[in-house]
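Structural overview for review
Here's the letter readout for the chains.
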Amino acid sequence: MSTSSIGFSGVAASLVLVVLAMALSMRDRLGLERSIAWAACRAFVQLVAIGGALALVLADEAPLIWSWLWVAAMVVIGAVTIRSRASEVPGLFTLAAIALGTAVVISQIVIFGLGIFPLEPRTVVPAAGMLLGNAIAATVLAARRTVAEIREHRAQVEVRLSLGQTGPEAVRPHVREALRTAIGPQIEQTKIVGIIALPGTMTGLLLAGVDPLDAVLVQAAVMFLILGSVAITSVIVGRGVALKLVTTDHRLVIPVAA
């Protein structure tokens with residue numbers, strides 16, 4: 001198997017498209033050039049820092065517990081990220097942590113319990129990272145859409161409550177719509193894999209010289225796990241948020257829009 005290293009010069013060359021994006025922003029007066037530059041610089045610094053830390057955690061002789069601790073930290077940071085992106089949702093940190101933790105535990109049991117990947121430091125963190133990275137965006141969307149759907153249909157919910165339905169029953173149709181919105185993009189992304197999009201895992205393996213069929217099988221397993229994780233986190237957070245919006249005496253309490 002052949003390997004490749006683009007080096008810092010290759011990374012610098014890849015900035016051509018970033019510069020082009022900044023130029024387009026300036027030409028069309030979008031005001032995004034500073035944000036683009038900051039995003040690129042921040043991403044690079046973060047990746048270099050994480051790369052150095054991962055070199056220690058993922059070393060062959062590194063204790064496996066380090067990898068599990070890293071994953072736990074990723075779950076906590078992911079929950080903080082979700083809370084910050086949907087700050088209008090009450091009590092979201094704990095709910096997000098439970099959702100992400102549940103998805104990681106289930107996916108890791110599947111991955112290593114069924115022998116999809118070997119249980120080694122080099123597989124634990126990357127597998128969890130791919131799942132969490134996709135689940136976070138869907139979870140934020142689930143939380144925000146659940147609040148938005150119930151707010152937009154407040155009158156309908158209150159009518160159901162006045163007719164004797166419980167809180168969960170009254171909000172269920174709107175939670176269902178919010179979850180469709182949150183999970184839908186990942187379903188569509190899964191549909192086009194291999195036809196239009198070549199995902200990161202497969203692309204990385206191909207660039208590293210792995211046999212195409214082996215790369216495809218790894219990517220398929222990863223995509224299935226991601227789809228399941230997105231569904232798990234979205235459902236837990238969507239339903240959890242909805243329950244927080246209805247009191248024990250079946251009154252609707254919606255937070256003020258941010």
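Residues numbered from 1 in each chain as written. Predicted model: local features only at pLDDT ≥ 70, side-chain atom pairs only at ≥ 80, totals over all residues. Heavy atoms only, no water.

**Some thoughts on the overall build of the chain**
- When you go through the chain residue by residue, the secondary structure sums to 10 helices and zero strands.
- Starting at the N terminus and walking to the C terminus, you meet the elements of the chain as α-α-α-α-α-α-α-α-α-α.
- Dimensions of the chain along its principal axes, counting C-alpha atoms only, are 70 × 55 × 35 Å.
- With 258 residues in all, the chain has 33% of them scored as buried.
- About 14700 Å² of surface is accessible on the chain, with carbon and sulfur atoms providing 67% of the total. (Helix = DSSP H or I, 4+ residues; strand = E, 2+ residues; numbered from the N terminus. Buried < 20%, exposed > 50% of the residue type's maximum accessible area, 1.4 Å probe, protein only. Areas by Shrake-Rupley, 256 points an atom, 1.4 Å probe, with all protein chains shown as cover.)

**Side note on the packing of aromatic side chains**
- In the structure shown here, the tally under the stated rule is one aromatic pair.
- Ring centres of W68 and F112 lie 6.3 Å apart, and the angle between their planes is 85°; on these two criteria the pair is classed as edge-to-face. Taken together, the positions of W68 in helix α4 (residues 64–85) and F112 in helix α5 (residues 92–113) put the pair 44 residues apart, joining distant regions of the chain.
- A relative accessible area of 31% places W68 in the partly exposed class.
- For F112, a relative accessible area of 14% gives the class buried. (Phe/Tyr/Trp six-rings, centres within 6.5 Å; stacked < 30°, edge-to-face > 60°.)

**Side note on the layout of surface pockets**
- Its boundaries defined by the atoms lining it, the largest pocket holds a volume of some 920 Å³.
- Along the walls of the largest pocket sit 27 residues, with L54, V125, P126, A127 and G129 positioned nearest its centre.
- Those elements that provide at least two residues to the lining of the largest pocket are α3 (33–57), α4, α6 (121–152) and α9 (200–207).
- At 10 residues, α6 tops the list of elements feeding residues into the lining of the largest pocket.
- Within the lining of the largest pocket, the residues separate by chemical class into 18 nonpolar, eight polar and one charged.
- When its volume is computed, the second largest pocket comes out at roughly 210 Å³.
- Surrounding the second largest pocket, R42, Q46, T81, S84, R85, G133, I136 and A137 form its lining.
- When residues of the lining of the second largest pocket are traced back to their parent elements, those giving at least two are α3, α4 and α6.
- Across the lining of the second largest pocket, the residue classes break down as two nonpolar, four polar and two charged. (1 Å grid on protein atoms, 1.4 Å probe; cavity = no way out; pocket = protein on both sides within 12 Å on 5 of 7 lines; lining within 4 Å. Points joined across faces, edges and corners; volume = space filled by probe spheres on them. Nonpolar A, V, L, I, M, F, W, Y, C, P; charged D, E, K, R; others polar.)

**Re the pattern of salt bridges**
- Evaluation of the coordinates by the stated rule reveals seven salt bridges.
- The salt bridge involving D28 is made with R27; its shortest N-O contact spans 3.2 Å.
- For R27, a relative accessible area of 61% puts it in the exposed group.
- Across the salt bridge formed by E158 and R154, the nearest N and O atoms sit 3.2 Å from each other. (Salt bridge = Lys/Arg side-chain N within 4 Å of Asp/Glu carboxyl O.)

**A few points about the nonpolar core**
- Residues L92, I150 and V241 are the most contacted members of the largest nonpolar core, which totals 49 residues.
- The set of elements that each furnish at least two residues to this core consists of α4, α5, α6, α7 (154–162), α8 (167–192) and α10 (212–244).
- Counting residues per element, this core draws most heavily on α6, which supplies 14 residues.
- The residues touching V241, leaving out its near neighbours within four places in the chain, are V89, L92, L95, A143, T146 and V147. (Core = buried A, V, L, I, M, F, W, Y, C linked by side-chain atoms within 4.5 Å. Contact = heavy atoms within 4.5 Å.)

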